[in-house]
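Here are the chains, one letter per residue:
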Protein chains: 2
Amino acid sequence: MATGFPSSVIFENVAIVGVGLIGGSIGMAARRRGIVKKVTGIGRAEQRLMRAKILGAIDDYSMDMESGAAEADLVILCTPVRLVVPSLARMACSLKRGAIVTDAGSTKQEIVEQADDVMPACTFFVGGHPMAGSEQTGVNSARADLFEGATYVLTPGEKTDLAALSKVGEFATALGAKVEILDPVLHDRAVSVISHLPHAIASALMQLTGESHRHSSKTFQLAAGSFKDLTRIADSSPELWRDISLTNADSLTDAITGLQTILEDLKTALKNKDEQAIESFFEKGRQIREMYIRITQ
Amino acid sequence: MATGFPSSVIFENVAIVGVGLIGGSIGMAARRRGIVKKVTGIGRAEQRLMRAKILGAIDDYSMDMESGAAEADLVILCTPVRLVVPSLARMACSLKRGAIVTDAGSTKQEIVEQADDVMPACTFFVGGHPMAGSEQTGVNSARADLFEGATYVLTPGEKTDLAALSKVGEFATALGAKVEILDPVLHDRAVSVISHLPHAIASALMQLTGESHRHSSKTFQLAAGSFKDLTRIADSSPELWRDISLTNADSLTDAITGLQTILEDLKTALKNKDEQAIESFFEKGRQIREMYIRITQ
């Protein structure tokens, strides 16, 4: 196990279910930083698990969820968001006493509520969301430094054990991330605005641009430079975003309505040729962005 | 005059009105490539013109629009978009026979229509839009390579002289840009979708994020990484975008309505928990983006 980081072991045995971009990067980072003794990858496709092992994301692997997780002190569920709870349910009875389970799902309210019902006595669930994805997927895109400087949100519910929360926080910090503790409902509202809505917008904008290109075949040619960057996230997996949208439908709907309302105000100002209202629309956006940059620097 | 490019002179005397990011970059590129003999900067603030001269954007300058443009074979109006036609009107009578005037305004329909009414006999107007801005402004941000690989749209109207159009096209090509010829109305529709709407969206998204942050003070912390890139253009000048919006109000309004409608469909799909419609929403965006990348590569 490569080290280079003066860390001590936080969890002896870690099982990662779903060794893709996120799961693979967690495995790489944890192994390289010496905060785990052994990482077991769990998945269905043996070739991908072998690839994960070659890339140094895991020490070993298992295609059986129950036996694979049986020895784990920490299980990290990195499956697609709608498979988190079903995966948890399948392995629940084989978890050892004191085991901690966390996940990396993009939405948290549903998962935290349902996980609490599934977890056996003397095991602990801590909802998590490492905010370090990309439009890439798969273990080939995994990187040991993916979480350096990234925000790693932990979302305790009413039943979450505080010692378990603290230990997962220690683990996430040791991966290089900045841990934020947030209520699952507030998490889901916040990501609906800053992540899910932007993905919906990027897709909608591409659809509109496609329509415009059909009317005037030069639209794509004009849309060089910054437009390409802006719509990069429209390239993400439709299945992934279907599931994220479905597990955060109410907040995403509210966020869309919020955006529609703000844009409606701009339309009104344009209709009235209200110079001051139009300038103030752009001025507000700029001021809030300045505040945001100041706070997050 | 620095050269390094095997070019010949296209216009002997060029006057640039408004020597900021775009005007300054045109001056730098034209001088460095040896396609002009002399560039005169025209503006109101002497210190900025002196700065432009020091930076190599112009050979000389004038604070008087009429005398500054009197000798020019090509006048390039790089003022804020709503000052293009008033500037043109002020210098019209002092233009020499055969002079060509072009502009760099972000919207074209209004300008092309009004410019044709203002131009004296035996002078020629060609609407232009070099699509190479940034959220930076001022001659200090100007670069001789700003137009390399950029799209430079020329928008002939019914009255545009084809020889003048061709010569401005030759000039833009010599700056390193890729010239596209487009009807002014189609130009304005296309940029409303690929530029003006994204700016409105970025501002609206920042406003919504500000609201979310007021409710849960962690929203900004969660909005790291790609969100920062996505909302970068919310940092643009409110005055600039007020004017661009006002001169393209109808197309921008249509683009906003188009986006609202597409997002409304997503809301309906979310309400009905229609998995297929939600997946197809994201799939459509992805497919169109693939097509767009293929075409613009």
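As the structure is a computational prediction, the values presented were derived from the model and not from experiment. (Residues numbered from 1 in each chain as written. Chains lettered and ligands numbered in written order. Predicted model: local features only at pLDDT ≥ 70, side-chain atom pairs only at ≥ 80, totals over all residues. Heavy atoms only, no water.)

Participant: Is there a simple way to explain the packing of aromatic side chains in this structure?
Facilitator: Under the counting rule described, the total for this entry stands at twelve aromatic pairs over all chains. Pairing A:Phe281 with A:Phe282 gives two aromatic rings, centres 5.2 Å apart and planes at 85°, and the pair type is edge-to-face. A relative accessible area of 5% means that A:Phe282 is categorised as buried. With a centroid separation of 5.7 Å and an interplanar angle of 70°, the aromatic rings of B:Phe11 and B:Phe171 are classed as edge-to-face. Taken as a pair, B:Phe11 in strand β1 (residues 11-17) and B:Phe171 in helix α6 (residues 162-174) lie far apart in primary sequence, 160 residues in all. Taking relative accessible area as the criterion, B:Phe171 reaches 2% and is therefore assigned buried. (Phe/Tyr/Trp six-rings, centres within 6.5 Å; stacked < 30°, edge-to-face > 60°. Buried < 20%, exposed > 50% of the residue type's maximum accessible area, 1.4 Å probe, protein only. Helix = DSSP H or I, 4+ residues; strand = E, 2+ residues; numbered from the N terminus.)

Participant: I tried to follow the interface of chain B and chain A on my own but got confused; where do I start?
Facilitator: How big an interface is tends to be reported as the loss of accessible area on association of its parts. Residue-level contacts link 86 residues of chain B with 86 residues of chain A. Summed over both sides, the interface between chain B and chain A buries roughly 8,400 Å², with carbon and sulfur atoms accounting for 69% of that surface. Inspection of the chain B/chain A interface yields six salt bridges. One salt bridge connects B:Glu279 with A:Arg242, and the closest N-O pair in it is separated by 2.5 Å. Our count for the contact surface shared by chain B and chain A stands at 30 residue pairs in polar contact (both at pLDDT 80 or more). Residue assignment for the side of chain B that touches chain A shows that the elements contributing at least two residues are β8 (151-154), β9 (178-181), α7 (184-215), α8 (219-222), α9 (226-230), α10 (238-247), α11 (249-271) and α12 (275-296) of chain B. For the side of chain B that touches chain A, the element with the most residues is α7(B), which contributes 22 residues. (Contact = heavy atoms within 4.5 Å. Buried area = accessible area lost by both parts, 1.4 Å probe. Salt bridge = Lys/Arg side-chain N within 4 Å of Asp/Glu carboxyl O. Polar contact = N/O pair within 3.5 Å; in protein donor to acceptor, adjacent residues only side chain to side chain.)

Participant: So what exactly am I meant to see when it comes to the pattern of salt bridges here?
Facilitator: Oppositely charged side chains are able to pair whenever their charged atoms sit close together. This model, assessed by the stated rule, comprises 24 salt bridges over all chains. A salt bridge links B:Lys218 to A:Glu180; the shortest N-O distance between them is 3.5 Å. Taken as a pair, B:Lys218 in the loop between α7 and α8 and A:Glu180 in strand β9 (residues 178-181) lie in two separate chains rather than in one. On the basis of relative accessible area, B:Lys218 is assigned to the partly exposed category, the value being 24%.

Participant: Hey, could you run me through the sheet that holds strand β8 (residues 151-154) of chain A in this one?
Facilitator: Strands in a sheet are paired, the pairing made by backbone hydrogen bonds, and the direction either parallel or antiparallel. Residues and elements named next belong to chain A. The mixed open sheet is built from three strands, whose spatial order is β7-β8-β9. This sheet does not close on itself; its edge strands, each paired only once, are β7 (128-131) and β9. In this sheet, neighbouring strand axes are inclined to one another by 20° on average, regardless of whether the strands run parallel or antiparallel. With four bridges joining them, β7 and β8 adopt antiparallel strand pairing. Paired with Pro130 across the bridge in β8 is Tyr152. (Pairing = 2+ DSSP bridges. Axes fitted to C-alpha atoms, helices over the stretch in contact; angles between N-to-C directions.)

Participant: How should I be thinking about the packing of helix α7 (residues 184-215) of chain A against helix α11 (residues 249-271) of chain A in this particular structure?
Facilitator: Working note: a packed helix pair is described by the angle between its axes plus the distance between those axes. Residue and element names in this part refer to chain A. α11 packs onto α7 with a crossing angle of 65° between their chain directions and a minimal axis gap of 9 Å. The orientation of α7 with respect to α11, classified from their angle, is roughly perpendicular. Note that α7 runs across α11; the crossing there is right-handed. Packed against α7, whose contacting residues are Asp188, Arg189, Ser192, Val193, His196, Leu197 and Ile201, the element α11 presents Ser251, Leu252, Ala255, Ile256 and Leu259 at the interface. Across the contact of α7 with α11, the residue classes tally to seven nonpolar, three polar and two charged. (Parallel < 35°, antiparallel > 145°, perpendicular 65-115°, else oblique. Left-handed = near helix turned anticlockwise from the far one by under 90°. Nonpolar A, V, L, I, M, F, W, Y, C, P; charged D, E, K, R; others polar.)

Participant: What exactly am I supposed to notice about the pairing of strand β5 (residues 100-103) of chain A here?
Facilitator: A regular strand carries its side chains on alternate faces of the sheet. All names here are of chain A. Side-chain alternation along β5 places Ile100 and Thr102 on one buried face and Val101 and Asp103 on a second face that is also buried. Looking at chain direction, strand β4 (residues 74-77) and β5 are connected through four bridges and run parallel. Counterpart to Val75 in the pairing with β5 is Val101. Once the chain exits β4 it traverses helix α4 (residues 84-91) before rejoining the sheet at β5, and the crossover so formed is right-handed. As defined by bridge partners, β5 adjoins strand β6 (residues 124-126) across three bridges and the pair is classed as parallel. Across the sheet, Val101 pairs through a bridge with Phe125, a residue of β6. In this fold, β5 hands off to helix α5 (residues 109-118), which returns the chain to β6; that crossover is right-handed. (Right-handed = clockwise from strand over helix to strand, strands pointing away.)

Participant: So what exactly am I meant to see when it comes to the relation of the copies chain B and chain A here?
Facilitator: One copy of the chain maps onto the second through a rotation around an axis plus a translation along that axis. When chain B is fitted to chain A, the best match, at an RMSD of 0.0 Å, comes from turning it 180° and sliding it 0.0 Å along the axis. Taken together, the rotation and translation describe the operation of a two-fold axis. A share of 100% of the interface residues of chain B reappears at the interface of chain A, consistent with the copies meeting face to face through the same patch. (Least-squares fit on C-alpha atoms with pLDDT ≥ 70 in both.)

Participant: Just to check I follow, could you spell out the domain arrangement of chain A for this structure?
Facilitator: Residue and element names in this part refer to chain A. Under the domain assignment used here, chain A contains domain 1 (11-182) and domain 2 (186-296). Taking only C-alpha atoms into account, the centre of domain 1 sits 31 Å from that of domain 2. Inspection of the region where domain 1 meets domain 2 yields one salt bridge. Arg82 is the salt-bridge partner of Asp243, the closest N and O atoms lying 3.0 Å from each other. Put simply, domain 1 and domain 2 have five residue pairs in polar contact (both at pLDDT 80 or more) between them. Only α5 and β7 provide two or more residues apiece to the side of domain 1 that touches domain 2. (Domains from an automatic or database assignment.)

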